[in-house]
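Results of the structural survey
The residues making up each chain are set out below.
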Amino acid sequence: MDVPSNSSVMADRLEDWNDELSQILVPDSVILMIYLVVGVLGNSIVIYIHTVRLKSNWKERFFIPVLAVVDLISCVVSTSFSFSINMLPVKYSNDSACKIMFFLNMTCTMMSALMLVVIAINRHRKICKPFSKQINMFWKKIAIVCITGVSLVMSWPCFLFYGSKEVYKEESLTIGYRCTNVRGPWSTVQPLVFKAAVMLLVAFILVSLVVFYVLIGIVAFRQMRFHKKQGIAYGASDDRSQNTKSPNSNSGDLSYVTEVPDKNSAPKIDTQKSSEADISSPIDNNAKSLNMVSDSDQKSSSNIGHNQRRSTTCTSALKIDQTTRNTGPSMTPGVRLSLIFMLITLVFIVCYVPKVGLMIYESRNENFWIELTPSELSGFRFLYTAFIINNIVNPIIYGFLDRRFRDEVYGLCPCVKK
């Protein structure tokens, strides 16, 4: 009878240990696969719609498809890498693959974060300083190059401070290999310095995003309040006009309107220019429409009684007034787009803070992941990979807040009703 060798016994013990940990992480692995499917599908749709279907407005939305490309790459790299760690929690012996994956993961993460800062700067100039010099296409492309360079510089230390590391299970004297931070020929100070620098950069990003979007939010709130006051003033003006009877009217039909200008005093209005002005400035729409309708009616009905002409004018003016008030925008497109990026930034903050905190803590405690209980291991792995949500949530935010994007998605899926 053959006696099992010591190496085969150790291999069996390692296999059992790895299976035990991977089974604990099955829920996290399922969540990662959901991240992958949603991220690839959603970001691909964003890229297609903004590069093919919405090309007419591509300069205004230039950063959206760029951010979607970065998020798509980051989603694929991060989910694949995290899934491999969940499947091989103590059998990840490929040191080179571990270093490369950490480097790619860090690079994509930094690019996505810095891209949000550039977007915040761009939105701040458009909303808060609309008459100042804006960021043109040349500087937008330069910004992308700078973002890539900074991300690569901040990520290259991953080749030094991450890799395959031996871990031990004292109960069964089993030796395994885990892809994590490594000490190398130096002390733990250098890895802490690196991760402290990463945290400082993340803190700078967070502070910048908060400051810019607080300023944007103040201006956006003032604009929305201004539009609301316009709507209230418009309604009050209409109520007053309906309660004012025409002194020359003997008819009981629609005699509720303010005084209509006399034919000789009413200025002539160019229809095309008036229409353009109405689109750009809805505030004056009622007055311009009233004059335009009055002038038209007085020219076309010279043989009709004065009361009938005034009644027709009143009806048209009231209809135009009501239509303008109902269709007046409560939020401008620029403010709406800024709100979209505010939500994206909020998700970024919520998702990345736990990740950075765990990165620093695992540098101080080398056996952090091995000493956790099963429930703690599953919970902390979820928090450690929650940053991937930042790469998949953007298409969902666009779908809820961007009507043009939502309409294009409905166009791709005719079976889905709006």
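Residues numbered from 1 in each chain as written. Predicted model: local features only at pLDDT ≥ 70, side-chain atom pairs only at ≥ 80, totals over all residues. Heavy atoms only, no water.

- The protein chain has the name Neuropeptide Y receptor type 2 in an unreviewed UniProt entry, where Mizuhopecten yessoensis is given as its organism.

**Section: the packing of helix α2 (residues 26–53) against helix α3 (residues 63–87)**
- Their axes nearest at 9 Å, the elements α2 and α3 cross at an angle of 165°. Here α2 is positioned roughly antiparallel relative to α3, judged by the angle of their axes. As α2 runs across α3, the sense of the crossing is left-handed.
- Looking at the contact of α2 with α3 residue by residue, the class counts come to 16 nonpolar, 9 polar and 2 charged. (Axes fitted to C-alpha atoms, helices over the stretch in contact; angles between N-to-C directions. Helix = DSSP H or I, 4+ residues; strand = E, 2+ residues; numbered from the N terminus. Parallel < 35°, antiparallel > 145°, perpendicular 65-115°, else oblique. Left-handed = near helix turned anticlockwise from the far one by under 90°. Nonpolar A, V, L, I, M, F, W, Y, C, P; charged D, E, K, R; others polar.)

**Comments concerning the state of the cysteines**
- Going through the model one piece at a time under the given rule, you end up with 1 disulfide.
- What pairs with Cys98 in a disulfide is Cys179, and their sulfur atoms sit 1.8 Å apart. Across the disulfide from Cys98 to Cys179, rotation about the S-S bond amounts to roughly 90°, and the bridge is consequently right-handed. Of the two residues, Cys98 is situated in helix α4 (residues 95–128) and Cys179 in strand β2 (residues 174–181); the sequence distance between them amounts to 81 residues.
- In this structure Cys98 comes out as buried when scored by relative accessible area, which is 0%.
- Counting only cysteine sulfurs, Cys98 is the nearest neighbor of Cys158, a cysteine outside any disulfide, at a range of 9.6 Å. (Disulfide = S-S within 2.5 Å. Buried < 20%, exposed > 50% of the residue type's maximum accessible area, 1.4 Å probe, protein only.)

**A look at helix α1 (residues 6–24)**
- Here α1 contains 19 residues, and its C-alpha end-to-end distance of 27 Å stays within 8% of the 27 Å for a straight helix at 1.5 Å per residue.
- Buried within α1 are the following residues: Leu14, Trp17, Asn18, Leu21, Ser22 and Ile24. One side of α1 holds all its buried residues, which, seen down the axis, span an arc of 150°. The exposed set on the far side of α1, more than 90 degrees from its buried face, consists of Asp16 and Gln23.
- The elements touched by buried residues of α1 are α2, α3, β1 (162–169), β2 and α12 (374–385). (Expected span 1.5 Å × (residues − 1). Arc of directions from axis to C-beta. Contact = heavy atoms within 4.5 Å.)

**Considerations on the environment of Val211**
- You can see Val211 is positioned in helix α7 (residues 189–242).
- For Val211, a relative accessible area of 45% corresponds to the partly exposed category.

**Examining the environment of Asp402**
- With respect to the helices and strands, Asp402 occurs in the loop between α14 (394–401) and α15 (403–412).
- Measuring from C-alpha to C-alpha, the distance between Asp402 and Ile340 comes to 7.9 Å, with 62 residues separating the pair along the chain.

**Some thoughts on the UniProt feature "transmembrane region" (unreviewed entry) in the protein chain**
- Here, UniProt's "transmembrane region" (unreviewed entry) annotation points to residues 30–50, 62–88, 100–121, 142–162, 196–221, 339–361 and 381–401.
- Regarding residues 62–88, the helix share stands at 93% and the strand share at 0%, and the terminal C-alpha atoms are separated by 40 Å.
- With 86% helix and 5% strand, residues 142–162 has end C-alpha atoms that lie 31 Å from one another. (UniProt positions renumbered as here; feature names shortened; annotations may be inferred.)

**Let's talk about the packing of α2 against α12**
- Put simply, α2 and α12 touch, their axes get as near as 10 Å, and they point 20° apart. With respect to α12, the axis of α2 lies roughly parallel. The element α2 and its partner α12 pack so that their crossing is right-handed. Counting all contacts with α2, which are made through Asp28, Ile31, Leu32 and Tyr35, the residues of α12 involved are Ser378, Arg381, Phe382 and Thr385.
- Class assignment for the residues of the contact of α2 with α12 results in 4 nonpolar, 2 polar and 2 charged.

**Section: the packing of aromatic side chains**
- Considering all chains together, one arrives at 11 aromatic pairs under this definition.
- Aromatic pair Phe368 and Phe380: ring centres 5.5 Å apart, planes at 65°, arrangement edge-to-face. On the criterion of sequence distance, the pair formed by Phe368 in the loop between α11 (333–364) and α12 and Phe380 in helix α12 is long-range, its members being 12 residues apart.
- In textbook terms, an aromatic cluster arises when at least three aromatic residues are bridged by ring pairs, as seen for Phe368, Trp369, Phe380 and Tyr384.
- Its guanidinium or amino end placed over the ring of Tyr384, Lys355 lies 3.9 Å from that ring's centre, counting from NZ or CZ.
- Looking at Arg381, its charged tip hangs above the ring of Trp369, at a distance of 5.9 Å from the centre. (Phe/Tyr/Trp six-rings, centres within 6.5 Å; stacked < 30°, edge-to-face > 60°. Lys NZ or Arg CZ within 6 Å of the ring centre and 35° of its normal.)

**A few points about the nonpolar core**
- Phe102, Met115, Ile205, Leu209, Phe348 and Tyr398 are the most contacted members of the largest nonpolar core, which has 81 residues in total.
- Sort the elements by how many residues they give to this core and α4 lands first, with 15 residues.
- Residues in contact with Ile205, not counting those within four places in the same chain, are Ala113, Leu114, Val117 and Phe348. (Core = buried A, V, L, I, M, F, W, Y, C linked by side-chain atoms within 4.5 Å.)

**Overview of the pattern of salt bridges**
- Evaluation of the coordinates by the stated rule reveals 3 salt bridges.
- Lys91 is paired through a salt bridge with Glu15; the nearest N and O atoms lie 2.6 Å apart. Within this pair, whereas Lys91 is found in the loop between α3 and α4, its partner Glu15 is found in helix α1, the two being separated by 76 residues in sequence.
- With a relative accessible area of 33%, Glu15 lands in the partly exposed category. (Salt bridge = Lys/Arg side-chain N within 4 Å of Asp/Glu carboxyl O.)

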